[in-house]
Amino acid sequence: MRDAEDHGPTGTGGTGGTGGEDKAALRRELLDARALMPAGERAAAASALAVRALDLPELASARTVAAYVSVGREPGTRALLDALRARGVRVLLPVLMHDNDLDWAAYEGAEGLARAARGLLEPVGDRLGGDAVLGAQVVLVPGLAVDGRGMRLGRGGGSYDRVLARLARAGARPALAVLLYEGEVIERVPAERHDRPVDAAVTPAGVRRFAGAAGQEP
């Protein structure tokens, strides 16, 4: 689940509480840091992220990419979505369902997006079903931070945990990448049993890969 308004950073994740409590504290820290970023800095980061992501070999060869429309203070994805579509890549975007699981629909340009629940922007085209993500060669996931193991901190709604679990159950092995600001690749993200690692983090400064993440079992 993602919301349009962001409410990071040091981030060892060690507050002495449970995994869920540690995650909540770290989320607050990271969201507070994003709230302090000037609009110009966010715009520059979005442009740099598009350049860095488009250089990924996995994206260069991908026919289908599952991505998302950035909202609020998230690292911007609009330029990247348009660049992928211009390349002829089929871009799938999530549609949030009532139970926080994700359906998918094809991206047909900014004019094909509409405001949805929680301030999100979603495609208006035909719904393709939750399993549509299984056909993607690359899945770009939102997040607030990632650590050196590839463990990602999300917003806490569980939508992308379900996506990653669906991929694992089906034996699908797309490249998983999270788009972040500088300083959001941190020392440690609190991890729980259901969490799954990503393969890479893309920041405005470059790409950080996590050895062995793709081969880990759920």
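The structure under discussion appears in the preceding block.
Residues numbered from 1 in each chain as written. Predicted model: local features only at pLDDT ≥ 70, side-chain atom pairs only at ≥ 80, totals over all residues. Heavy atoms only, no water.

What follows concerns the environment of Pro 94. The topology assignment puts Pro 94 in strand S2 (residues 90-96). On the accessibility criterion, Pro 94 (9% relative accessible area) is buried. A sequence separation of 35 residues divides Pro 94 from Gly 129, and the C-alpha atoms of the two residues are 9.9 Å apart. Excluding residues within four positions of it along the chain, Pro 94 makes contact with Ala 67, Tyr 68, Leu 102, Asp 103, Trp 104, Glu 122, Pro 123 and Tyr 160. (Helix = DSSP H or I, 4+ residues; strand = E, 2+ residues; numbered from the N terminus. Buried < 20%, exposed > 50% of the residue type's maximum accessible area, 1.4 Å probe, protein only. Contact = heavy atoms within 4.5 Å.)

Taken together, seven strands build an open sheet; the order of strands is S3-S2-S1-S6-S9-S11-S12 and the sheet is mixed. The open sheet has two edge strands, strand S3 (102-106) and strand S12 (206-209), and neither has a second partner. Neighbour-to-neighbour, the strand axes of this sheet turn through a mean angle of 25 degrees, independent of strand direction. Of the pairings in the sheet, the one linking strand S11 (residues 200-203) to S12 comprises four bridges and is antiparallel in character. Among the inter-strand pairings, Val 202 is bridged to a residue of S12, identified as Val 207. Seen against the sheet, helix H4 (residues 78-86) touches strand S1 (64-66), S2, strand S6 (138-141) and strand S9 (175-179) and runs at an angle of roughly 140 degrees to S2. Along the sheet, helix H5 (residues 159-170) makes contact with S2, S3, S6 and S9, crossing S3 at roughly 80 degrees. (Pairing = 2+ DSSP bridges. Axes fitted to C-alpha atoms, helices over the stretch in contact; angles between N-to-C directions.)

Turning our eyes to something else, we now look at H5. Residue pairs three or four apart in sequence face the same way in an α-helix, which turns once every 3.6 residues. Here H5 spans 17 Å end to end across 12 residues, near enough to the 16 Å set by a 1.5 Å rise per residue. When we look at burial in H5, the residues that qualify are Ser 159, Tyr 160, Val 163, Leu 164, Ala 165, Arg 166 and Leu 167. Packing partners of the buried residues in H5 comprise S2, S3, S6, strand S8 (152-153) and S9. Two residues or fewer after H5 comes Gly 171, characterised by a positive phi angle close to 75 degrees. (Expected span 1.5 Å × (residues − 1).)

What follows deals with helix H2 (residues 39-54). With 16 residues, H2 extends 23 Å from end C-alpha to end C-alpha; this agrees with the ideal 22 Å at 1.5 Å per step. Within the sequence span of H2, burial applies to Ala 45, Ala 46, Leu 49, Ala 50, Ala 53 and Leu 54. Angular distribution of buried residues about the axis of H2 spans 150 degrees; they occupy a single face of the element. Seen from the buried face of H2, the exposed residues on the opposite side, beyond 90 degrees, are Gly 40 and Val 51. On its buried side, H2 packs onto helix H3 (57-60), H4 and S11. (Arc of directions from axis to C-beta.)

Right, let's get into the pattern of salt bridges. Tallied over the full model, the rule gives 10 salt bridges. Between Asp 195 and Lys 23 there is a salt bridge, with the nearest N and O atoms lying 2.7 Å from each other. Linking Asp 195 in the loop between strand S10 (185-186) and S11 with Lys 23 in helix H1 (residues 19-35), this pair joins segments that are 172 residues apart in sequence. The burial state of Asp 195 is the same as that of Lys 23; both residues are buried. When the shortest N-O distance is used, the salt bridge between Arg 162 and Asp 99 registers 3.6 Å. Of this pair, Arg 162 sits in helix H5 while Asp 99 sits in the loop between S2 and S3; the two residues are 63 residues apart in sequence, bridging distant segments of the chain. (Salt bridge = Lys/Arg side-chain N within 4 Å of Asp/Glu carboxyl O.)

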